[in-house]
Amino acid sequence: GITLTRQRFEDQIKWITANFKVVTYEYFLKNPHEPNTVVITIDDGYRSLVTHMLPILEKYQCPAKVYIMGSILNQQLNWLNELSWLKANL
């Protein structure tokens, strides 16, 4: 599969936040033509989202839209607790 190291993800987020205005998905829908804006989206919200990605997104004050796969929730029931925490803390 496709993987991204924690360091590479941080390097990318650091570069993006230095060069663009990162906005929420909802903001972008209301302002689609605002120059120099981007939306960060993350597919397949695996556990590493909470353990690796969220601290980096918080460090750079970078909002992100996360898409969670239903099959992951069915396979990892403990993920439901983490998902609840994630929702409360984003």
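In what follows, the structure referred to is the one given above.
For every chain, the first residue of the written sequence is number 1, and numbering continues from 1 along that sequence. Owing to the predicted nature of the model, reporting of local features is limited to residues with pLDDT of at least 70; listing and counting of side-chain atom pairs is limited to 80 or more, with chain, interface and lining totals taken over all residues. In computing side-chain properties, one takes all heavy atoms of the structure into account and sets aside hydrogens as well as water.

(A) Highlighting the overall build of the protein chain. Secondary structure assignment for the protein chain yields 5 helices and 4 strands. Beginning at the N terminus, the succession of helices and strands in the protein chain can be written as α-β-α-β-β-α-β-α-α. The cut-offs for exposure are 20% and 50% of the maximum accessible area for each residue type, with area from a 1.4 Å probe on protein chains only; residues under the lower value are buried, those over the upper are exposed, and the others partly exposed. Out of the 90 residues in the protein chain, the part that is buried amounts to 22%. Residues are treated as being in contact if the distance between any of their heavy atoms lies within 4.5 Å. Restricting to contacts in the protein chain with at least 6 residues of sequence separation, those with at least 24 account for 56%. Where helices and strands are cited, they refer to DSSP runs of H or I of at least four residues and of E of at least two residues respectively, numbered from the N terminus.

(B) Expanded view of the packing of aromatic side chains. What counts as a ring pair is set by centres within 6.5 Å for rings of Phe, Tyr and Trp (its six-membered ring), and what kind of pair is set by the plane angle: stacked under 30 degrees, edge-to-face over 60, tilted for all other angles. Going through the model one piece at a time under the given rule, you end up with 1 aromatic pair. Aromatic pair Trp15 and Phe20: ring centres 5.8 Å apart, planes at 65°, arrangement edge-to-face. Judged by relative accessible area, which is 30%, Phe20 ranks as partly exposed.

(C) Broad picture of the pattern of salt bridges. In the sections that follow, a salt bridge refers to a side-chain nitrogen of Lys or Arg positioned within 4 Å of a carboxyl oxygen of Asp or Glu. Counted under the stated rule, the structure contains 3 salt bridges. Between Glu34 and Lys21 there is a salt bridge, with its nearest N and O atoms 2.9 Å apart. Taken together, the residues Glu34 in the loop between α2 (25–30) and β2 (37–38) and Lys21 in strand β1 (residues 21–22) connect sequence positions 13 residues apart. Looking at Glu34, the relative accessible area reads 26%, which means it is partly exposed. Given a relative accessible area of 39%, Lys21 falls into the partly exposed group.

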